[in-house]
Amino acid sequence: MTFPANDPALRSWVPVPAGSDFPIQNIPFGIGSWNGEPPVPVTRIGDRVVDLSILAEAGLLDGLGIDREAFNAPHLNDLMRGGKSAVRALRQRLSELLQADTPTLRDNNDLREEALLAADQVVMHLPVTVGDYTDFYSSRQHAYNVGVMFRDPKNALLPNWLPLPVGYHGRASSIVPSGTPVHRPQGQTRPDPNAPPVFGPTKQLDFELEVAFITFDGKPLGQRISTAEAEDHIFGLVLFNDWSARDIQSWEYVPLGPFLAKNFASSISPWVVTLDALDPFRIPGPVQDPEVLPYLRTTGAHGFDIALEVAILPEGGAETTVCRSNFRHMYWSMAQQLAHHTVNGCNVRRGDMMASGTISGDTPDSYGSMLELTWRGTKPLTLADGTERKFIHDGDTVIMRGHCEKNGVRIGFGEVSGRVLPAIRS
Ligand code: CA
């Protein structure tokens, strides 16, 4: 399928700086506010945020199958009611309004000044109200590395890992937008396996480099979504930092999996980049051996070539990039994850979020967590300021970025950042 809005030849009357993540071929969606006004749906081009509520009020977004009121909501869930076809039509309409030779907005000074804002003056919020959050575990190298460290090098991948996309139900309430500080969690750990557990702030605070997809409405309870249908139910992607406390995790996770080690915060980038915008960057997934069961089989390219990186910014210091990975390292595609998630009749809803699991490549500098980068603290990293890190310190800001690039077009996510504050001891 070709999308006119993806044409690399398109240019906008809005200036787009070289290297921007937000050319006219992107048109992501988010929720923004400024001057203390209520948050509304917005898009982004270059260094400008475009207020969709103003465009809707002017009648420029009529006839797309999206109610005008949806453009005044403090989340994108209402706007997503019309599903993929409505959002695709909205993105196309916005593309047309922003194209260099379209005078509608370009030559209407009052409307243009009301609708376009400097990105640095806009506060970005969570793009959707997240109903349910699921976290997968779909990077083979990550699952292997964790298996080696936590269990047994000879049997690093558990027997179910190659036949099915392993996942667990996470917690939606603690998903926060980029820029939200995260307090170091406290909890129960057992540093000495021969002594009783102790309570206190985690000593092994970690990030997990992930990408999450956000769903449109799925099907009613009891029905399943096939791999062929799955991408029609996916709105778009965000960067996802699944903060983790490794010492809490290793003590609590048997037998039911992660609990308090993971649910204290997950940070996401504010711009939802649509699957349509990412379409030019599709790549075939890995060969899956053993062959998967029929309900997990796919045809076509369902992987995406998205360069990802993680940087640590110490208090008062400079950034050090500690990881360069890529979304192409996923063993299981999003289509397979969603088909598996619903194969038992589990329903998904508008605004549900499903994260990939930590995305680690096959070289040590591409590992997507400190757990792997420092091999559980045995090989500390040295930052640009000369200090060492086994895990994340108070005052550190963790920043993740992601973008695709091909045929002179760069489609990016911006960034997700979060600063770590000391534990609240009360
Ligand atoms: Ca995770």
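The preceding data block contains the structure.
Residues numbered from 1 in each chain as written. Predicted model: local features only at pLDDT ≥ 70, side-chain atom pairs only at ≥ 80, totals over all residues. Heavy atoms only, no water.

A. Molecular detail of helix α2 (residues 83-98). Taking 1.5 Å of rise per residue, the 16 residues of α2 would be expected to cover 22 Å, and the 23 Å separating its terminal C-alpha atoms lies within 8% of that figure. Listing the buried residues of α2 in full gives G83, K84, A86, V87, L90, R91, L94, S95, L97 and L98. If you follow the buried residues of α2, they end up packed against β2 (40-45), α1 (52-57), α3 (103-106), β14 (234-241), β17 (273-274) and α8 (275-278). (Helix = DSSP H or I, 4+ residues; strand = E, 2+ residues; numbered from the N terminus. Expected span 1.5 Å × (residues − 1). Buried < 20%, exposed > 50% of the residue type's maximum accessible area, 1.4 Å probe, protein only. Contact = heavy atoms within 4.5 Å.)

B. Quick look at the coordination of the calcium ion. Only D135 (OD), E208 (OE), E210 (OE) and D242 (OD) from the protein reach the calcium ion as donors, at distances of 2.2 to 2.3 Å. When the donors of the calcium ion are listed by position in the chain, the intervening gaps give D-x72-E-x1-E-x31-D. With D135 in strand β6 (residues 133-136) and E210 in strand β13 (residues 209-215), the pair connects residues that are 75 residues apart, well separated along the chain. Neither residue differs from the other here; D135 and E210 are each classed as buried. (Donors = N, O, S within 2.8 Å, 3.2 Å for Na, K, Ca; no water.)

C. Summary view of the sheet that holds strand β9 (residues 182-183). Ordered in space as β9-β26-β25-β20-β21, the five strands form an open sheet in which the pairing is mixed. One side of each edge strand has no neighbouring strand; the edge strands of this open sheet are β9 and β21 (320-326). (Pairing = 2+ DSSP bridges.)

D. Representation of the pattern of salt bridges in the model. The final tally for this structure, using the stated rule, is 23 salt bridges. Put simply, D47 and R44 hold a salt bridge, and the shortest N to O gap is 4.0 Å. Judged by relative accessible area, R44 falls into the buried class, the value being 15%. Between E208 and R246 there is a salt bridge whose closest N-O contact spans 2.9 Å. (Salt bridge = Lys/Arg side-chain N within 4 Å of Asp/Glu carboxyl O.)

E. The arrangement of helix α9 (residues 334-342) in detail. The element α9 is largely enclosed, with a buried count of nine among its nine residues. For α9, the complete set of buried residues consists of M334, A335, Q336, Q337, L338, A339, H340, H341 and T342.

F. Layout of the side chain of K262. By the secondary structure assignment, K262 is in the loop between α7 (246-252) and β16 (266-268). Once you skip the residues sitting within four places of it in the chain, K262 turns out to touch Y168, E208, D242, W243, S244, R246 and Q249.

G. Region of the structure containing the sheet that holds strand β5 (residues 123-124). Within the open sheet, the five strands sit side by side as β4-β3-β2-β1-β5. Their pairing is antiparallel. For this open sheet the edge positions go to β4 (116-118) and β5, each flanked by a neighbour on one side alone.

Honestly, it's all geometry; don't read function into it.
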